[in-house]
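One-letter residues, chain by chain:
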Amino acid sequence: MSGNAYDATGTQDVVNWNMEWFGSTAAGQGPTDVELQQTNATAMLKALAADVYVLQEVVDTVRLRNLTATLST
């Protein structure tokens, strides 16, 4: 057997990611450029194209809601 033996359309992909203070601008709590942080997180989640995302250390729930709205587009 070589390569991927499973058809990706028949699997459920789950991603677990500690986002480390996503959306926080407090000193010592993640990057201070939250716009760049959101842009990079969006690009990563789109590239992963998982069925389920489990995210930890999310500080700004509004920013997370905006991010998730872009995943379906």
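None of these values were measured; they are calculated from a predicted model.

A few words on the overall build of the protein. Scanning the protein for helices and strands turns up 2 helices and 2 strands. For the protein, the sequential pattern of α-helices and β-strands runs β-α-β-α. For the protein, whose C-alpha radius of gyration is 15 Å, the value lies well above the compact-globule estimate of 11 Å for 73 residues. Structurally, the protein occupies a C-alpha span of about 50 × 25 × 15 Å along its principal axes. For the protein, with 73 residues in total, the buried portion stands at 19%. Pairs at least 24 apart in sequence give 71% of the contacts found in the protein among residues at least 6 apart.

This next bit is on the side chain of glutamine 37. Inspection of the secondary structure puts glutamine 37 in helix H1 (residues 34–48). Discounting residues that sit within four places of it in the chain, glutamine 37 has contacts with Met19, Glu20, Trp21, Phe22, Gly23, Ser24 and Pro31.

On to the pattern of salt bridges. Across all of its chains, the model carries 2 salt bridges by this definition. Two residues, glutamate 35 and arginine 63, come together in a salt bridge whose shortest N-O distance is 3.2 Å. Taken together, the positions of glutamate 35 in helix H1 and arginine 63 in helix H2 (residues 61–71) put the pair 28 residues apart, joining distant regions of the chain.

In this structure, tryptophan 21 is a non-glycine residue whose phi angle is positive, near 65 degrees. Relative to the helices and strands, tryptophan 21 is located in strand E1 (residues 14–22). Relative accessible area serves as the criterion here: at 35%, tryptophan 21 is assigned to the partly exposed category. With phi around 60 degrees, glutamate 57 is a residue other than glycine that occupies positive phi space. Summarising the element assignment, glutamate 57 is placed in strand E2 (residues 52–58).

Here the focus is the packing of H1 against H2. H2 packs onto H1 with a crossing angle of 35 degrees between their chain directions and a minimal axis gap of 10 Å. Here H1 and H2 pass one another in a crossing that is right-handed. Facing H1, whose interface residues are Val34, Glu35, Gln38, Ala41, Thr42, Leu45 and Lys46, H2 presents Arg63, Asn66, Leu67, Thr70 and Leu71. Residues belonging to the contact of H1 with H2 are distributed by class as follows: 5 nonpolar, 4 polar and 3 charged.

Parameters and conventions
Residues numbered from 1 in each chain as written. Predicted model: local features only at pLDDT ≥ 70, side-chain atom pairs only at ≥ 80, totals over all residues. Heavy atoms only, no water. Helix = DSSP H or I, 4+ residues; strand = E, 2+ residues; numbered from the N terminus. Rg over C-alpha atoms; globule rule 2.2 N^0.38 Å. Buried < 20%, exposed > 50% of the residue type's maximum accessible area, 1.4 Å probe, protein only. Contact = heavy atoms within 4.5 Å. Salt bridge = Lys/Arg side-chain N within 4 Å of Asp/Glu carboxyl O. Axes fitted to C-alpha atoms, helices over the stretch in contact; angles between N-to-C directions. Left-handed = near helix turned anticlockwise from the far one by under 90°. Nonpolar A, V, L, I, M, F, W, Y, C, P; charged D, E, K, R; others polar.

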